Amino acid sequence: MEWDDLSLHHLKKMFFHYVSNSVIGMAGLSFNVFTDTFFIANGIGSHALAPLNVALPMFSFVSAMAIMSAMGCATRYALLKAGKHDKEADAVFAHGLVAALLQSLLLLVAGLFFTRPLAVLLGANEAIAADTAQYLFPLLTLGFLFQFNQLFICMIRNDNAPALAMKAMVIGNLVNIVLDYVFIYHFHWGLFGASLASCFSPLTSLLILSTHKLRHRNHFHWHRPKWTLALLGSIYRIGIPSFINEISSGIVMLAFNYLLLKYGGNTAIAAYGIIANLALIIQAIYSGIGQGIQPIISHLYGSGQISLSFQTARYAVVTAASLGILFVGIAFLFPTQLIAIFNSDHNAALEAIAKTGIQLYSPAFLVAGISVSLTSFFSSIHAVNESTILSLGRGIIFVLCFLLLLPPFFEQNGVWLSIPAAEWLSFFIACYFLIRIYRRLYQK
C-alpha cells in the first residue's frame, strides 16, 4: 500500500478498511467473555456469575499485558518502517517476541502455583473461591496463546493485512462459542470449561495468522539483533497507554465488586457482571477504532504527513461519537431486554439493580470512544506523556477518586455514576491535549 501523497478520498477508504476490520475483530474478541457469561448464566445458573465476575479482572490483566507489548512493538515498528529503517524495524519485532515470551512465563507460573491465592486476592470469599480458581487455571497456564496472538495480530495489521487480522479474530471467536456450548452443556465442565474454550480462540487465530508467513506476504522478519534493554523498554513505554486502557477495567471491577458487596451484596455484584459484559463489548469496539487508526497515523506521521495524521484522528472522533449516541440510546430504550440475556432465573432483584445501573452508567459511552481514539492518536505520534497521563487518569485515577467521593453520598447509585464522571473529565483533558499538540506541531 502506498502511503506517500495520499488524497483525502484514499485516506477515507484506508480509514474505513483498517478501522472496520479492527472493530469487527475486537468486537469478536470481546465476545470471548460475553459468550462465557451467556453460557455460564444459562448452562450453570445466574449464581455462577459472581465467581466469573471476580475472575474477570485477571482476564483483563492477561489481555492488557498482551496488548502492551504488541501495540508498543507494532507502533515502534511502523514508525521505523515509514522512515525506511528496515533493519531497526526487524530488531523491534525480535524484541517484541522476547517480551511476549517473558510475559507467558510469568502467567504460567501464576497458573500452576497461585490460582487459589489469586482468587482470594481478587475478592473471592470461601463460597466462590474454588469456582473462581477453576476459571483462572486454563486462562493463566495457556496465557501464552493470548500473548503471541495479540503480537501477531498487531504486526500483521501494520503489515497491510488488517482483513486477515480481523478474520483470525472472528473465526477464533466462533470456535470459542462452539466449544463453550460443548464444554458447558455436554461435558459439564462448568467455569473450567468456559475458560478453556476461551483459550482455543487465540490458538485458532494464530493458525490463521500463520498463513501470512506461509504465503510470503510478511515484511517483518526474525533476525537475531543486538539485544538491548533500552529497546525492550521503549516497546513497553509506547505500549503503557494500551496496557492502562485494558487493565483499568480489571482494576475498576475490583473496586466495584468491593463497594457493591458493601451496598448491595452478591446480587449487586451479579448485576455489575451484566453491565460489565455489555461495557466490555462497547469498550472493545472503541479499542478497535483506536487500534485501527494506529497503523495509518504511525505511517503518516513517520513519513512527515502531519495534516493527514490529524485528519485520520478527526475521522476516528466522529465515528466514536456517532457510536456513542447509538449505544446510549440502546441502553435507555432496551435495558430490560439486555438484562434478560443473562437473567435466565428471572431474578427480579437482579433485574431492578441492573436496570438502574445501566441507565446511570451509560452516559459514559458518549465520550469514552473519543478519549480512546485520542489516546491512540497521541501514542501513534509518539506523544507518550499525553497518552500515558490520559490513560492513567481515565482508566484508574479518576474512577477511583469518584468511587471515593460519590458512594458515601449516593450509595449504590454513586458507584454507577463514578464511571460517567471519570469519562467526561477525561474527555475534556483529551481535548486540551489535542489542542496543545496541534499548536506545538504546527508551530514547528
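Residues numbered from 1 in each chain as written. Predicted model: local features only at pLDDT ≥ 70, side-chain atom pairs only at ≥ 80, totals over all residues. Heavy atoms only, no water.

Student: I keep staring at the overall build of the chain and nothing clicks. Help me out?
Tutor: For the chain, the count of helices and strands is 16 helices and zero strands. When its C-alpha atoms are laid out on the principal axes, the chain stretches across 60 × 45 × 35 Å. Relative to its full complement of 444 residues, the chain shows a buried share of 59%. By sequence separation, contacts in the chain at least 24 residues apart represent 82% of the contacts at least 6 residues apart. Carbon together with sulfur atoms contributes 69% to the accessible area of the chain, which is approximately 17,900 Å² in total. Computed over 23 positive and 17 negative side-chain charges, the separation of the two mean positions in the chain equals 10 Å. (Helix = DSSP H or I, 4+ residues; strand = E, 2+ residues; numbered from the N terminus. Buried < 20%, exposed > 50% of the residue type's maximum accessible area, 1.4 Å probe, protein only. Contact = heavy atoms within 4.5 Å. Areas by Shrake-Rupley, 256 points an atom, 1.4 Å probe, with all protein chains shown as cover. Lys, Arg positive; Asp, Glu negative; His and termini not counted. Charge placed at Lys NZ, Arg CZ, Asp CG, Glu CD.)

Student: Looking at this structure, I do not really get a nonpolar patch on the surface. What am I missing?
Tutor: Residues Leu101, Leu102, Leu105, Leu108, Val109, Leu112, Phe113, Phe114 and Phe137 make up a contiguous nonpolar surface patch of about 840 Å² in total accessible area. For the nonpolar patch, the leading source of residues is helix α3 (residues 86-113), giving seven residues. (Patch = residues over 30% accessible without salt bridge, like charges linked within 9 Å, V, L, I, M, F, W, Y side chains within 5 Å. Salt bridge = Lys/Arg side-chain N within 4 Å of Asp/Glu carboxyl O.)

Student: Would you take a moment to explain the packing of helix α2 (residues 49-82) against helix α9 (residues 229-302) for this structure?
Tutor: A pair of packed helices is characterised by two quantities: the angle between their axes and the separation of those axes. Contact geometry for α2 and α9: axes closest at 5 Å, N-to-C directions at 10°. Put simply, α2 runs roughly parallel to α9. Its residues assigned to classes, the contact of α2 with α9 comprises 29 nonpolar, 19 polar and two charged. (Axes fitted to C-alpha atoms, helices over the stretch in contact; angles between N-to-C directions. Parallel < 35°, antiparallel > 145°, perpendicular 65-115°, else oblique. Nonpolar A, V, L, I, M, F, W, Y, C, P; charged D, E, K, R; others polar.)

Student: Sorry, what's going on with helix α7 (residues 162-186) here?
Tutor: An α-helix turns once every 3.6 residues. As a result, residues three or four positions apart point the same way. Between the first and last C-alpha of α7 there are 36 Å, a value that for 25 residues agrees with the 36 Å anticipated at 1.5 Å per step. Taken from the residues just after α7, His188 is the one with a positive phi, measuring 55°. (Expected span 1.5 Å × (residues − 1).)

Student: Where do I start with the packing of aromatic side chains in this structure?
Tutor: Applying the stated criterion across every chain, the model contains 26 aromatic pairs. Taking the centre distance of 6.0 Å and the plane angle of 80° together, the rings of Phe59 and Phe146 count as edge-to-face. Taken together, the positions of Phe59 in helix α2 and Phe146 in helix α6 (residues 143-158) put the pair 87 residues apart, joining distant regions of the chain. Overall, Phe59 belongs to the buried group, its relative accessible area being 11%. We classify Phe146 as buried; its relative accessible area is 8%. Aromatic rings pair up to connect Phe310, Phe377, Phe378, Tyr432, Phe433 and Tyr438 into one cluster. (Phe/Tyr/Trp six-rings, centres within 6.5 Å; stacked < 30°, edge-to-face > 60°.)

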